[in-house]
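The lines below spell out each chain.
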Amino acid sequence: MTVIDIPGSKSVTARALFLAAAAQGTTTLLRPLVSDDTEGFAEGLGSLGYVVRRESDAWHIEGRPAGPGADTADVYCRDGATTARFLPTLVAAGHGTYRFDASPQMRRRPLGPLSTALRTLGVDLRHGGKDGHHPLDVHAHGVKGGALTLDAGQSSQYLTALLMLGPLTAEGLDITVTDLVSEPYVEITLAMMRSFGAEVTQEGRTYRVAPTGYRARTYGIEPDASTASYFFAAAALEPGRSVTVPGLGTGALQGDLGFVDVLRRMGADVEITDAGTTVRSTGTLRGLTVNMRDISDTMPTLAAIAPFADGPVRIEDVANTRVKECDRLDACAENLRRLGITVETGPDWIEIHPGTPTGPAEIATHGDHRIVMSFAVTALRTPGITFDDPGCVKKTFPDFHRVFDAFVHTP
């Protein structure tokens, strides 16, 4: 059995940085993810006048409940969706003029429902180019609060950003959601907010957030469940292989750990304990139809091993994957076809037929870290796979190729 120490969760690290910046006192984050996305978030906080001190295994953030220390700032969000969506929301509760921009890839990703919601709350927010996209200016003068309706069918990050803003408003927020994707990510948000002292209640599709502010604390970042999916998939694929990820078990916040339940349905042996999760190959992968709306970041992982199943693998209700770092549905289909696999797609689904992927072939990554890491699993059984941009894994796991190679060559 191979034990893999997975880096900290990107989703948890980003939320923790927001909450720590907004909290009264100094927060210490233990084992935060160090990657392009999280470093970009921390750099953005620094540009806004927050103090972030980074050590090798801990980050210390001096909170500013009243808002950014800088009256004006230019923030470059890189490729980070959490940075690009959370930081403009954070600064809205302060006072000053803040300009945000992002990479061409992030500029293409939608921001409209969040922008509309912030404007509903009285935030002076102006897009510098295409409406509903970066770049944008926020002329902040605090947020009174109130009630609003939100469509979070494209991204749960819209709801997360507004929920985290709630305790910083003068009167609190009532948010009614008309549509919601990736709901387990919202559960992460709620649990973390409460751990920093927030009071949130939910009645049906309405979330009520009290204007409590936040309290600093020491907070440990759990391993990234989305990143773990590549190692779990590799273990399920390769006969005789098993892998254990410690620190990602029954108490985990992240819904993407549910990916192992998909592997279990396909025939893998899965054990989840308080200490961690183990996946073992049984030598069989069965075809299935699965709704991955709640764990859509692991859709490419499943697509990458789907050809090795004994029947078709149909993944449904994943329309939101078309507005990620790239159109992941089309990217997965394109690359599987390059490998000789029969694939069909629709607006929100992909169906992959059994077959033997054949190389050599260069995977078109579209600059998407998840396409690279997913097809690295396919490469275990397909000689000759290369990537046009292998380095884009720096977004969430800069050391992925070394760690995955060591895992593959461990008996």
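Enquirer: Explain the overall build of the chain to me, using residue names and the numbers behind them.
Expert: From N to C terminus, the chain includes 13 helices and 24 strands. Over its C-alpha trace the chain gives a radius of gyration of 21 Å, about what one expects of a compact globule, namely 22 Å for 411 residues. Overall, the chain is about 60 × 40 × 40 Å in size when its C-alpha atoms are taken along their principal axes. With 411 residues in all, the chain has 60% of them scored as buried. Long-range contacts, defined as pairs at least 24 residues apart, comprise 72% of the intrachain contacts of the chain with a sequence gap of at least 6. Total accessible area computed for the chain in this model is approximately 14500 Å², and 47% of it derives from carbon and sulfur atoms. Computed over 38 positive and 49 negative side-chain charges, the inter-centroid distance for the chain is 2 Å.

Enquirer: So what about the side chain of Ser103? Which residues, and what values?
Expert: Of note, Ser103 is situated in the loop between β7 (95–101) and α4 (104–108). Given a relative accessible area of 6%, Ser103 falls into the buried group. If sequence neighbours within four positions are ignored, Ser103 has contacts with Tyr76, Arg78 and Asp79.

Enquirer: Account for the environment of Gly255, with residues named and values stated.
Expert: Looking at where Gly255 falls in the secondary structure, it is placed in the loop between β16 (242–246) and α9 (259–266). Residues Gly255 and Ser182, spaced 73 residues apart in sequence, show a C-alpha to C-alpha distance of 8.4 Å.

Enquirer: Account for the packing of aromatic side chains, with residues named and values stated.
Expert: The geometry of an aromatic ring pair is captured by the separation of the ring centres together with the interplanar angle, meaning the angle of the planes. Applying the stated criterion across every chain, the model contains 10 aromatic pairs. With a centroid separation of 5.7 Å and an interplanar angle of 35°, the aromatic rings of Phe196 and Tyr219 are classed as tilted. Pair noted here: Phe196 is in the loop between α7 (183–195) and β12 (200–203) and Tyr219 is in strand β15 (residues 218–220), with a separation of 23 residues, a long-range link. For the pair Phe196 and Tyr219, one class covers both residues: buried.

Enquirer: Tell me about the nonpolar core, and please be specific about residues and values.
Expert: Counting 73 residues, the largest nonpolar core has Leu159, Leu162 and Tyr214 as its most contacted members. The dominant element in this core, judged by the number of residues it contributes, is helix α1 (residues 10–22), at nine residues. The residues touching Tyr214, leaving out its near neighbours within four places in the chain, are Leu19, Ala22, Ala23, Gln24, Leu163, Met164, Pro167, Leu168, Met193, Phe196 and Ala198. Judged by nonpolar contacts, the second largest core, of 67 residues, contains Phe231, Leu263, Ala306 and Cys326.

Enquirer: Please set out the packing of α1 against helix α2 (residues 36–47) residue by residue, giving values where relevant.
Expert: Orientation of α1 relative to α2, taken along the N-to-C sense of each, is 10°, at an axis distance of 10 Å. As summarised for this structure, α1 and α2 are arranged roughly parallel, according to the angle between their axes. In contact with Lys10, Thr13, Ala14, Leu17, Phe18 and Ala21 of α1, α2 contributes Asp37, Thr38, Phe41, Ala42 and Leu45. Partitioning the contact of α1 with α2 into residue classes produces seven nonpolar, two polar and two charged.

Enquirer: Requested: an account of the side chain of Thr206, with residues and values cited.
Expert: As for its position among the elements, Thr206 is in strand β13 (residues 206–209). A distance of 2.9 Å separates polar atoms of two side chains, one belonging to Thr206 and the other to Thr176. When sequence neighbours within four positions are dropped, the list of residues in contact with Thr206 reads Ile175, Thr176 and Thr201.

Enquirer: Please set out the sheet that holds strand β19 (residues 288–291) residue by residue, giving values where relevant.
Expert: Spatial strand order, β19-β20-β22-β21: four strands in an open sheet with mixed pairing. Here the strands that pair on one side only, and so sit at the sheet edges, are β19 and β21 (343–345). Between one strand and the next, the sheet's axes are offset by a mean angle of 10°, whatever the strand orientation. Relative to strand β22 (residues 350–352), strand β20 (residues 313–316) is paired through three bridges, and the arrangement is antiparallel. When the bridges of β22 are listed, Arg314 appears paired with Glu351.

Enquirer: Describe unusual backbone geometry, listing the residues and the values that go with them.
Expert: Here the bond from His134 into Pro135 is cis, since omega is 5°, no more than 30 degrees from zero. With respect to the secondary-structure elements, Pro135 resides in the loop between β8 (124–127) and β9 (136–141). Look at Ser182: it is not a glycine, yet its phi comes out positive at around 55°. Mapped onto the fold, Ser182 is located in the loop between β11 (173–180) and α7. A positive phi angle is found at His366, which is not glycine, with a value near 55°. Inspection of the secondary structure puts His366 in the loop between β23 (361–363) and α12 (369–378).

Quick notes on the rules
- Residues numbered from 1 in each chain as written.
- Predicted model: local features only at pLDDT ≥ 70, side-chain atom pairs only at ≥ 80, totals over all residues.
- Heavy atoms only, no water.
- Helix = DSSP H or I, 4+ residues; strand = E, 2+ residues; numbered from the N terminus.
- Rg over C-alpha atoms; globule rule 2.2 N^0.38 Å.
- Buried < 20%, exposed > 50% of the residue type's maximum accessible area, 1.4 Å probe, protein only.
- Contact = heavy atoms within 4.5 Å.
- Areas by Shrake-Rupley, 256 points an atom, 1.4 Å probe, with all protein chains shown as cover.
- Lys, Arg positive; Asp, Glu negative; His and termini not counted.
- Charge placed at Lys NZ, Arg CZ, Asp CG, Glu CD.
- Phe/Tyr/Trp six-rings, centres within 6.5 Å; stacked < 30°, edge-to-face > 60°.
- Core = buried A, V, L, I, M, F, W, Y, C linked by side-chain atoms within 4.5 Å.
- Axes fitted to C-alpha atoms, helices over the stretch in contact; angles between N-to-C directions.
- Parallel < 35°, antiparallel > 145°, perpendicular 65-115°, else oblique.
- Nonpolar A, V, L, I, M, F, W, Y, C, P; charged D, E, K, R; others polar.
- Polar contact = N/O pair within 3.5 Å; in protein donor to acceptor, adjacent residues only side chain to side chain.
- Pairing = 2+ DSSP bridges.

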